[in-house]
Amino acid sequence: MAKRRLSLQQRRRIGTNRERALERLDTDNPDHVSTERAGLVTARYGREADVVDPEHPEQPRQRCYLRTHLEPVVGDRVLWQSGGRRGVITAVAPRRSVLRRRDNNQVRILAANIDQVGIVIAPEPEPHANLVDRFLAAAELEGMSALILVNKCDLGSAAGRQAVDAICASHGALGYPVLRVSAHTGAGIDELRARLSGQVSIFCGQSGVGKSSLINRLFPGTDATVGALSDSGAKGRHTTTTARFYPVPGGAVIDSPGIREFGVECPDPQRLMAGFIELAPLAMQCRFRDCAHREDPGCAIVAAILRGEVDPRRLVSFHQLRTAP
Ligand code: GDP
Ligand code: ZN
């Protein structure tokens, strides 16, 4: 699937994890190794999961039981064996990236091996830059690429337009690709389709920004449920209930209710700075190693803000995420 840049450390880690997985596989299952096939998990239901052939994800899914202790999630690469109506998943490959969600103080993994996060915003409901920063930080920290998708570009002079433009300017300047699309008119959809091929992507963003509508536009004939905006303003209702998996050439788009609005969970505060690509190198230059990047003397981030080189809003986002992850 996608070509990704991995650090040496990541490659080493994947290498050793893979060796361990294969060792486990040998001991668990000495007779069946030859009959095992590679699979890609497209949905998880309790102690069962659906898999497809990773090379032909458009072909029918196979429902599988899970061998004990295995907890595959959508996007996992697995080995499975067929056996009657249900197959059995026997091993889960090491993950390149994970998306998490916090559930009552417990962090749950929702999806794995995602290459690209499509962060959908729209003039309506009005975007929150802080939420975009949260998704971006999670993408950076997991080594996923990020794409900012401005949907509803057909909408005229909505109040949210300014907010959208500000986000596009600020994040575009950081090097994040920004693509303006309209699920209604089809503007930008071909380019979006091109950007989705060869990768496993997810869309995330506030309810009501048009994620389901984009899926429907990209994959005609599918049935992502589109929720109407409620009358009481621009607050969206969100109606999709089960994870869906849409094959694209050489990849897939995964649409899961758990992921689309909340799934991208920022990891621990210590590492959070690494999720802010322009702030992280500055933080290394602060006078004090434990600089809080507030009023501290010699704070390189604050200095860069005062010189007009850094958008102060990003530091605000960092502090918000650090104190209320
Ligand atoms: P989701 O909650 O992110 O999945 O958003 P939906 O796809 O359910 O869309 C929410 C509302 O926005 C619906 O009323 C859609 O018809 C509307 N919508 C979606 N895409 C567009 C678009 O490109 N332009 C306009 N004007 N409205 C859109
Ligand atoms: Zn500092």
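These figures come from a predicted structure and were not determined experimentally. (Residues numbered from 1 in each chain as written. Chains lettered and ligands numbered in written order. Predicted model: local features only at pLDDT ≥ 70, side-chain atom pairs only at ≥ 80, totals over all residues. Heavy atoms only, no water.)

Asks: I'd like to hear about the confidence of the model for the protein chain, residue by residue, with values.
Replies: With 80% of its residues at a pLDDT of 70 or more, the protein chain has an overall mean of 83. This stretch, residues 29–34, has a pLDDT under 50; its non-local contacts, to residues over four places away or in other chains, come to seven contacts. A low-confidence stretch, residues 227–241 (pLDDT under 50), is modelled with 27 contacts involving residues beyond four sequence positions or located in other chains. (pLDDT = per-residue confidence, 0-100. Contact = heavy atoms within 4.5 Å.)

Asks: Go over helix H4 (residues 189–196) with me, naming the residues and quoting the values.
Replies: What H4 keeps buried is the set Ile 189, Leu 192 and Leu 196. Taken around the axis of H4, the buried residues stretch over an arc of 55°, which confines them to a single face. Exposed side of H4, more than 90 degrees from the buried face: Asp 190 and Ala 194 are the residues found there. Residue Gly 198 follows H4 closely and has a positive phi angle near 75°. (Buried < 20%, exposed > 50% of the residue type's maximum accessible area, 1.4 Å probe, protein only. Helix = DSSP H or I, 4+ residues; strand = E, 2+ residues; numbered from the N terminus. Arc of directions from axis to C-beta.)

Asks: Lay out empty space enclosed by the protein in plain terms, naming residues and giving numbers.
Replies: Considering all chains together, one arrives at three cavities of 30 Å³ or more under this definition. The volume enclosed by the largest cavity comes to roughly 40 Å³. Considering the residues around the largest cavity, the lining is formed by Ile 119, Val 120, Ile 121, Pro 127, His 128, Leu 131, Val 132, Phe 135, Gly 205 and Gln 206. Of all the secondary structure elements, the ones that give two or more residues to the lining of the largest cavity are strand E8 (116–121) and helix H2 (129–141). When its residues are assigned to classes, the lining of the largest cavity shows seven nonpolar, three polar and no charged. (1 Å grid on protein atoms, 1.4 Å probe; cavity = no way out; pocket = protein on both sides within 12 Å on 5 of 7 lines; lining within 4 Å. Points joined across faces, edges and corners; volume = space filled by probe spheres on them. Nonpolar A, V, L, I, M, F, W, Y, C, P; charged D, E, K, R; others polar.)

Asks: Explain the coordination of the zinc ion (ligand 2) to me, and be specific about the residues and the numbers.
Replies: In the first shell of the zinc ion (ligand 2), the protein supplies Cys 286 (SG), Cys 291 (SG), His 293 (ND1) and Cys 299 (SG), at 2.1 to 2.4 Å from the metal. Viewed at the metal, the four donor atoms of the zinc ion (ligand 2) are separated by angles of 102 to 114°, and the geometry they form is tetrahedral. Here the donor residues of the zinc ion (ligand 2) are spaced in sequence according to C-x4-C-x1-H-x5-C. For the pair His 293 and Cys 299, a shared accessibility class is recorded, and that class is buried. (Donors = N, O, S within 2.8 Å, 3.2 Å for Na, K, Ca; no water. Tetrahedral: all angles 85-135°; square planar, octahedral: opposite > 155°, others 65-115°.)

Asks: Give me the lowdown on the sheet that holds strand E3 (residues 62–66), citing residues and values where you can.
Replies: Spatial strand order, E1-E2-E3-E5-E4: five strands in a closed barrel with mixed pairing. Between one strand and the next, the sheet's axes are offset by a mean angle of 55°, whatever the strand orientation. The pairing of strand E1 (residues 37–45) with strand E2 (residues 48–52) spans five bridges and is antiparallel. Residue Leu 40 lies in a different strand from E2, and its bridge partner there is Val 52. (Pairing = 2+ DSSP bridges. Axes fitted to C-alpha atoms, helices over the stretch in contact; angles between N-to-C directions.)

Asks: Pulling in residues and values, what's your account of the nonpolar core?
Replies: Counting 30 residues, the largest nonpolar core has Ile 114 and Ile 119 as the members making the most contacts within it. Counting residues per element, the ones that place at least two in this core are strand E7 (106–112), E8, H2, strand E9 (145–150), helix H3 (160–173), strand E11 (200–204) and strand E13 (251–255). For this core, the element with the highest residue contribution is H2, accounting for five residues. When sequence neighbours within four positions are dropped, the list of residues in contact with Ile 114 reads Ser 97, Leu 99, Met 144, Val 200, Ser 201, Ile 202 and Ile 254. (Core = buried A, V, L, I, M, F, W, Y, C linked by side-chain atoms within 4.5 Å.)

Asks: Please give an account of the sheet that holds E13 that cites residues and values.
Replies: Strand order in the open sheet formed by six strands is E10-E9-E8-E11-E13-E12, and the pairing between neighbours is mixed. Whereas interior strands pair on both sides, the edge strands pair on one side only; in this sheet they are strand E10 (178–180) and strand E12 (244–248). Mean inter-strand twist for the sheet, computed between neighbouring axes without regard to direction, equals 25°. Lying over the sheet, helix H5 (residues 211–218) contacts E8, E11, E12 and E13, oriented at roughly 140° with respect to E11.

Asks: For the pairing of E11, give the residues involved together with the corresponding values.
Replies: Taken across its five residues, E11 has five buried, putting it largely inside the fold. Side chains Val 200, Ile 202 and Cys 204 of E11 all project onto a buried face; the interleaved residues Ser 201 and Phe 203 project onto the opposite face, where all are buried too. Sheet topology places E8 next to E11; four bridges connect them, and they run parallel. Opposite Gly 118, over in E11, you have Phe 203 as the bridge partner. The pairing of E11 with E13 spans three bridges and is parallel. What sits directly across from Val 200, in E13, is Ala 252.

Asks: Give a detailed account of the environment of Arg 100, specifying residues and quantitative values.
Replies: Tracing the backbone shows Arg 100 in strand E6 (residues 98–103). In this structure the side chain of Arg 100 is engaged in a polar contact, spanning 3.1 Å, whose partner is the side chain of Glu 142. (Polar contact = N/O pair within 3.5 Å; in protein donor to acceptor, adjacent residues only side chain to side chain.)

Asks: Can you explain the pairing of E7? Please cite residues and give values.
Replies: Pairing of E6 with E7 involves six bridges; the strand directions are antiparallel. In the sheet register, Leu 99 faces E7, and the bridge partner there is Ala 111. Hairpin connection from E6 to E7: two residues lie between these consecutive antiparallel strands, with Asn 104 at a positive phi of about 45°.

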